[in-house]
Amino acid sequence: MTAIQAVFIRGYEERSSPKPHTVYRIDIQANVRSWQMWRRYSEFDDLHTDLSRSTGSPPPCVLPPKHKFAILRSHSDIKILDERRVGLETYLRAILSAKEDKWRESFAFKQFLGIPVGKQQAGEASQLTSASWLDEHLELQSRLRDVWAEINKRDALSDRGDIGASHKSNVAAKSKLAGVLARIGVLGKGLQELGVAGMSEGELQRRTDMVARLQDDCEKLSRVVTIARQTSARAAAPLSSGGSLALNPASQSDREALLGSSHAAKPARRVFGASSPPKETEMTRPLDNVGLVGLQQVQIQQQDNQLSQLTTILQRQRQLGEAIGSEIAYQIEMLDDLSNEVDRVGGKLTTTNRQLNRLS
């Protein structure tokens, strides 16, 4: 779905056709563009019914209730209209901010907010405009961050021994990654259509590079997901072969007696060094050694890509500098020629003045 940044219901107005009713103005703000939709309360009610039926559960927030004698009061009672406006805004925001995306990803909700058709179906690449293409690119970047979050969650659950939940997170990461890969293909096709429509060569090349970077990120994430699955398999093996050991770990005193106090004091997962270990971050804390290596490879590749872009920019700057230097040298030659011409004309004027003085 389009990356909706905010939704507001800032006003309402009364309309008389086909019969008197009140409509509410919904202001939708996305990453690249914003638009407005006008909806009446009955349409909100229909949306709530459609979402409950299509997803199997009601949305996370209830609609503001209908008032008794609403036909006689609601069109003129400002207090009731303001309360309903606030309630409807809270209802939409609850769907957008919910942890589960099944309500906001449904076709009924997209149609209700008036999301352009080119973003509703993955196969409709030809309807992407220049602005909606950028909006879709930002949405895919957000989806990749969601994949990273699922991988980190999976590794944290694996470290705690919750293999079932860890496997679910891994499956969710793979599913989201597959969806991103499909939509990247749509971006590529949409870019071809924009090129045919007359997009400039420079902008076309820039967006082609953006698609290539998304594909590289997906490939690296695919490797990280595979590594994570192998780690889960290794973690599940002791549970299947010796479940009693996992459920009844040795006490701390027994561990010290067997391994010694120096061994018992060592970190359980990763050793950074004895003198000054680096600080953990939110991204590295749930990762094991294999996950850290994968994360490091991804970051190194991102740095290489940024360095390549910087090299290209510096090469262009060098070419511009050389062109400017050549132009300056040419201008200096022209100024030297002009100075020589001025000296020659000045000599002629001096000779002419002398001859005039003689005649006078």
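- The name an unreviewed UniProt entry gives the chain is Syntaxin, with Laccaria bicolor as the organism.
- Comment text from UniProt for the chain, heading Function (unreviewed entry), reads "Essential for proper morphogenesis of the vacuole. May exist as structural reinforcement on the surface of the vacuolar membrane and be required for maintenance against rupture by osmotic pressure."

## Observations concerning the sheet that holds strand S3 (residues 34–40)
So, point 1. A sheet is described by the order of its strands in space; here 3 strands give the open sequence S1-S2-S3, paired in antiparallel fashion. Where the open sheet ends on each side, the last strands, each with one partner, are strand S1 (4–15) and S3. Sheet twist, expressed as the mean angle between neighbouring strand axes with direction ignored, is 25°.
So, point 2. Looking at chain direction, strand S2 (residues 21–30) and S3 are connected through 7 bridges and run antiparallel. Its bridge partner lying in S3, Tyr-24 is registered against Arg-39.

## Considerations on helix H6 (residues 163–196)
Residues spaced three or four apart along an α-helix face the same direction, because each turn holds 3.6 residues.
So, point 1. Spanning 34 residues, H6 covers 50 Å between terminal C-alpha atoms, matching the ideal 50 Å at 1.5 Å per step.
So, point 2. In the stretch just after H6, Gly-198 is the one whose phi turns positive, near 115°.

## What about the nonpolar core?
So, point 1. Of all hydrophobic cores here, the largest spans 27 residues; its most connected members are Ile-26, Phe-44, Tyr-91 and Leu-92.
So, point 2. Mapped by element, the contributors of at least two residues to this core are S1, S2, S3, helix H1 (41–55), helix H3 (78–97) and helix H4 (107–113).
So, point 3. The dominant element in this core, judged by the number of residues it contributes, is H3, at 6 residues.
So, point 4. Discounting residues that sit within four places of it in the chain, Leu-92 has contacts with Val-7, Ile-9, Ile-26, Phe-44, Phe-109 and Phe-112.
So, point 5. Grouped together as the second largest cluster of nonpolar side chains are 26 residues, Ala-173, Val-186, Leu-194 and Leu-287 included.

## Let's talk about a nonpolar patch on the surface
So, point 1. There is a patch of nonpolar side chains on the surface, built from Leu-320, Ile-324, Ile-328 and Ile-332 and spanning about 390 Å² of accessible area.
So, point 2. Within the secondary structure, Leu-320 is located in helix H11 (residues 289–359).

## Some thoughts on the packing of aromatic side chains
Note on aromatic pairs: each is described by the distance of the centres and the angle between the planes.
So, point 1. Tallied over the entire structure, the rule returns 2 aromatic pairs.
So, point 2. Residue placement shows Arg-15 over the ring face of Trp-38; its charged tip is 5.1 Å from the ring centre.
So, point 3. Note that Arg-39 overlies the ring of Phe-112, its terminal NZ or CZ placed 5.1 Å from the centroid.

What counts and how
- Counting from 1, residues in each chain are numbered in the order their sequence is written.
- Since the coordinates come from a predicted model, pLDDT governs what is reported: local features require at least 70, and pairs of side-chain atoms require 80 or more to be given and counted, while whole-chain, interface and lining totals use all residues.
- With hydrogens and water excluded, all non-hydrogen atoms of the structure serve as input to the side-chain values.
- UniProt positions are given in the numbering used here, feature names are shortened, and annotations may be inferred rather than shown by experiment.
- What makes two strands pair is DSSP finding at least two bridges between them.
- Under the scheme used here, helices are H or I runs from DSSP no shorter than 4 residues and strands are E runs no shorter than 2 residues, and both carry numbers assigned from the N terminus.
- Angular values range over 0 to 180 degrees, each being the angle between N-to-C directions of two axes fitted as lines to C-alpha atoms, with helices fitted over their stretch in contact.
- One less than the residue count of a helix, multiplied by 1.5 Å, gives the span that helix is expected to have.
- The term nonpolar core refers to a set of buried residues drawn from Ala, Val, Leu, Ile, Met, Phe, Trp, Tyr and Cys, joined through side-chain atoms within 4.5 Å.
- Whether a residue is buried, partly exposed or exposed follows from its accessible area with a 1.4 Å probe, protein chains only, as a fraction of its type maximum: under 20%, in between, or over 50%, in that order.
- Here, two residues are considered to be in contact whenever any of their heavy atoms come within 4.5 Å of each other.
- Any residue with relative accessible area above 30% and no salt bridge may belong to a patch, with like charges joined within 9 Å and the nonpolar Val, Leu, Ile, Met, Phe, Trp and Tyr side chains within 5 Å.
- Accessibility throughout is a Shrake-Rupley quantity obtained with a 1.4 Å probe, and a residue counts as covered only by protein chains that appear here.
- A carboxyl oxygen of Asp or Glu within 4 Å of a side-chain nitrogen of Lys or Arg is what we treat as a salt bridge.
- Note on aromatic contacts: the rings of Phe and Tyr and the six-membered ring of Trp form a pair at centre separations within 6.5 Å, being stacked when their planes are under 30 degrees apart, edge-to-face when over 60 apart, and tilted otherwise.
- Either the NZ atom of lysine or the CZ atom of arginine qualifies as a charge over a ring when it sits within 6 Å of the ring centre and within 35 degrees of the ring normal.

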